[in-house]
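# Tertiary structure, described
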Amino acid sequence: MELTEVTGVSLKRGSHAVEDNDSVAPAEEAKRQKVLDGCLTTGQDGLEHVSPPGSVHVPGPPAAVSAREGRKNSDVQLEEEEEEEEDGLLEEGEEEEEAESFADMMKHGLTELDVGITKFVSSHQGFSGILKERYSDFVVHEIGKDGQISHLDDLSVPVDEEDPSEDVFTVLTAEEKQRLEELQLFKNKETSVAIEVIEDTKEKRTVIHQAIKSLFPGLETKTEDREGKKYIVAYHAAGKKALAKVRTAADPRKHSWPKSRGSYCHFVLYKENKDTMDAINVLSKYLRVKPNIFSYMGTKDKRAITVQEIAVLKITAQRLAHLNKCLMNFKLGNFSYQKNPLKLGELQGNHFTVVLRNITGTDDQVQQAMNSLKEIGFINYYGMQRFGTTAVPTYQVGRAILQNSWTEVMDLILKPRSGAEKGYLVKCREEWAKTKDPAAALRKLPVKRCVEGQLLRGLSKYGMKNIVSAFGIIPRNNRLMYIHSYQSYVWNNMVSKRIEEYGLKPVPGDLVLKGATATYIDEEDVNNYSIHDVVMPLPGFDVIYPKHKISEAYREMLTADNLDIDNMRHKIRDYSLSGAYRKIIIRPQNVSWEVVAYDDPKIPLFNTDVDNLEGKPPPVFASEGKYRALKMDFSLPPSTYATMAIREVLKVDTSIKNQTQLNTTWLR
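Quantities reported herein were computed from a predicted structural model and do not represent experimental measurements.

Definitions and limits used
Residues numbered from 1 in each chain as written. Predicted model: local features only at pLDDT ≥ 70, side-chain atom pairs only at ≥ 80, totals over all residues. Heavy atoms only, no water. Helix = DSSP H or I, 4+ residues; strand = E, 2+ residues; numbered from the N terminus. Buried < 20%, exposed > 50% of the residue type's maximum accessible area, 1.4 Å probe, protein only. Contact = heavy atoms within 4.5 Å. Areas by Shrake-Rupley, 256 points an atom, 1.4 Å probe, with all protein chains shown as cover. pLDDT = per-residue confidence, 0-100. Core = buried A, V, L, I, M, F, W, Y, C linked by side-chain atoms within 4.5 Å. Pairing = 2+ DSSP bridges. Axes fitted to C-alpha atoms, helices over the stretch in contact; angles between N-to-C directions. Phe/Tyr/Trp six-rings, centres within 6.5 Å; stacked < 30°, edge-to-face > 60°. Lys NZ or Arg CZ within 6 Å of the ring centre and 35° of its normal. Expected span 1.5 Å × (residues − 1). Arc of directions from axis to C-beta. Salt bridge = Lys/Arg side-chain N within 4 Å of Asp/Glu carboxyl O. Polar contact = N/O pair within 3.5 Å; in protein donor to acceptor, adjacent residues only side chain to side chain.

### Description of the overall build of the protein
Each helix and strand in the protein was counted, giving 20 helices and 20 strands. A burial count over the protein gives 57% of its 668 residues as buried. Taking the contacts inside the protein whose residues are at least 6 apart along the sequence as the reference set, 79% of them involve residues at least 24 apart. Carbon and sulfur atoms make up 47% of the accessible area of the protein, which totals about 28200 Å².

### What to know about the environment of Leu513
In this fold, Leu513 is placed in strand β14 (residues 511–514). Spatially, the C-alpha atom of Leu513 lies 7.2 Å from that of Val535, the residues being 22 residues apart in sequence.

### Looking at the confidence of the model for the protein
Any region with low pLDDT has predicted coordinates that should not be read closely. Taken residue by residue, the protein gives an average pLDDT of 79. The fraction at 70 or more is 76%. Here residues 6–19 scores under 50 on pLDDT; set against residues more than four positions off or in separate chains, the count is 65 contacts.

### Looking at the nonpolar core
Counting 107 residues, the largest nonpolar core has Phe471 and Phe634 as its most contacted members. With twelve residues, helix α16 (residues 476–502) is the largest single contributor of residues to this core.

### A word on the sheet that holds strand β15 (residues 517–520)
Spatially, four strands are ordered β15-β14-β16-β17 in an open sheet, and the strand pairing comes out antiparallel. Edge positions in the sheet fall to β15 and β17 (580–583), since each has one partner strand and no second. Across the sheet, the mean angle from the axis of one strand to that of its neighbour is 55 degrees, orientation sign disregarded. In the sheet, strand β16 (residues 534–538) pairs with β17 via four bridges, with the strands oriented antiparallel.

### Quick look at the sheet that holds strand β5 (residues 192–196)
The strands that make up a sheet are held in pairs by hydrogen bonds between backbone atoms, and each pair lies either parallel or antiparallel. Across the sheet, which stays open at both edges, the three strands sit in the order β5-β7-β6 with antiparallel pairing between neighbours. Where the open sheet ends on each side, the last strands, each with one partner, are β5 and β6 (219–226). Each strand axis lies, on average, 25 degrees off the axis of its neighbour in the sheet, ignoring direction. Against the sheet, helix α4 (residues 174–184) touches β5, β6 and β7 (229–236), its axis set at about 160 degrees to β5. Here helix α5 (residues 202–215) sits on the sheet and contacts β5, β6 and β7; the angle it forms with β6, its principal contact strand, is near 150 degrees.

### Some words on the packing of aromatic side chains
The full count for this structure, using the stated rule, is 15 aromatic pairs. Each ring, one from Tyr382 and one from Tyr641, has its centre 6.2 Å from the other, and the planes form 75 degrees; the classification is edge-to-face. Residue Tyr382 is found in the loop between β13 (378–379) and α10 (394–402), and its partner Tyr641 is found in the loop between β20 (627–636) and α19 (642–650); the two are separated by 259 residues along the sequence. The residues Tyr382 and Tyr641 share a single accessibility class, namely buried. One Lys or Arg, Arg261, reaches over the ring of Tyr337 and ends 4.7 Å from the middle of that ring.

### Brief notes about helix α17 (residues 549–560)
In a regular helix each residue adds 1.5 Å, so twelve residues correspond to 16 Å; α17 covers 17 Å between its end C-alpha atoms and thus fits that length. Buried within α17 are the following residues: Ile550, Ala553, Tyr554, Met557 and Leu558. For α17, the buried positions fall inside an angular range of 125 degrees around the axis, keeping them on one side. In α17, the exposed positions that point more than 90 degrees away from the buried face belong to Lys549, Glu556 and Ala560.

### So, helix α11 (residues 406–414)
Along α11, the residues classified as buried are Trp406, Val409, Met410, Leu412, Ile413 and Leu414. Those residues of α11 that are buried are in contact with α10, α12 (423–435), α14 (451–462), α15 (467–471) and α16.

### Topic: the side chain of Ser284
Here Ser284 is to be found in helix α7 (residues 276–287). Every residue in contact with Ser284, bar those within four places of it in the chain, is listed here: Val289, Lys290, Pro291 and Phe294.

### Brief notes about the pattern of salt bridges
Taken as a whole and assessed by the stated rule, the structure comprises 20 salt bridges. Glu224 is the partner of Lys222 in a salt bridge, and the nearest nitrogen-oxygen pair spans 3.4 Å. Judged by relative accessible area, Lys222 falls into the partly exposed class, the value being 37%. Where Asp574 meets Arg479, a salt bridge forms, and the shortest distance between an N and an O atom there is 3.4 Å. With Asp574 in the loop between α17 and β17 and Arg479 in helix α16, this residue pair connects regions lying 95 residues apart in the sequence. Judged by its relative accessible area of 10%, Arg479 is buried. One continuous salt-bridge network, built from bridges that share partners, spans Lys222, Glu224 and Arg226.

### With respect to the side chain of Thr640
Along the chain, Thr640 falls in the loop between β20 and α19. Thr640 sits in the buried class, given a relative accessible area of 2%. In this structure the side chain of Thr640 is engaged in a polar contact, spanning 2.7 Å, whose partner is the backbone oxygen of Pro637.

Set out below in structure tokens:
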């Protein structure tokens, strides 16, 4: 086992970037910090990078870090209006910035060196390859709490005599649905909506009653005779109290849900090129319910095909299956009714199928690289996604929070910076720098849900002398993201020092976990452990540090940052760090690979779950072709980064800065 060190960022091989392994909300991390192999990621979108040999291709500038996954429930109407605004703005913003300016901005971004990622564990020679030439080259299957890999392989709906007929989805016209939705959400002055029953029969009336009650929770219906015609009249049974139920838990008509049936419909969601929160927002919009009735074990990033389990409260499999007819790039299946929702962090990990196209490595190089990944593994660094994409890394904000430097926290989040950002954010920052007027800066932001918008709203509400309360308006998960980023920054630097000092073998004074408790390795026990057992702490008030040189390195690093390693409790309880332990080397499971030849860069190199459902034959490869691709399969535990596994195979710096500086011809 030889160690290799990154001594600079001027790499001559091709490069790549990938999404991190499954991201779990930081709030959950706080609950289970001790037993983790590591802290949890923030669920930001992966950045889509493609790189020809010796160069890089990024399809578009990455968006600014968004707070959408952690946003608070707000007024239904406002939220929908903002969603519409944002959808338009994202497209506009992407066209706004020219390619050259993006490359220029990324000169100010972070490199791996900046966040402590400096070592490799293997000795093979690296090679280039294109990752995500197509998003379908990166497939993630969730590994559930039972250890089974999730697959979409059954679209059938469980038979239930109490389910209404399929006609409920088609019996109402688009105009009627619009009026009913406005009634449901009190968006107009109508107190009821009357729908004339054409071709009046009892069966037809029953279907309309069922359609309104199942598609618009909170509405009641009755039949009325008016001038010799039958009408179904929809109305609110309990006025705005009924709407409150719709907003909080969707309260989908308890009396109509069979007692014998579990309250939650679990299903497998297959999605393409959409992150988990976006997908749930789409599903909730089509189902006319609030997103908070959905639960899941972990978020999956955007630029990939992902398969994961979702649970939803009191929505029938029949209604969910109907979405397969009207949604693109989604497929729902494997339905079952269960008593309980899903919880963040319950998953055992994720299985990845990754294609690196147009590889330059020889068969021997590939063999060496993949054998090393299988047998030794990779350093369990927190990947670049953890630290943000602009010149103000998230760990700097986290450090200022821990230092109780609230003016600096405000300044770091709001000040102008170099880096790839949307045009409206740039204008907002400029206004802030010029006027220090939160209301004026907020007016430059059409999308108020981002962290900057939430902080400005807080400053407008509480004033500039109460930054702590203003910052508290930002959803808790997003606030904690900053301090977890600082913990990750410290951990990366310390693990590089540990490996530099002691190599890839356990030494006396290292830490290992026995159950949830960390204990020291004694001199006489050293041969009972391997490097794969060794953990290192993320700084906090409830962890112990190694009993060797690295303990002093932790102390020196925190002291240099004006923090007291012996007192990691904060005046504000939310920001007190208890700490956690994380394995320093991860050995992927279920590793397999093959090198295939192909001629057409556009052809898929393996079948997805949907391909298999549709009966498509698997691709057949020629013995020779214009290009070669490396197809890799491997499983990782939660909170580890696939980025770092592929970094170890290709031996490259995964930062956007390094990739964009290698070659920018792709931008033109």
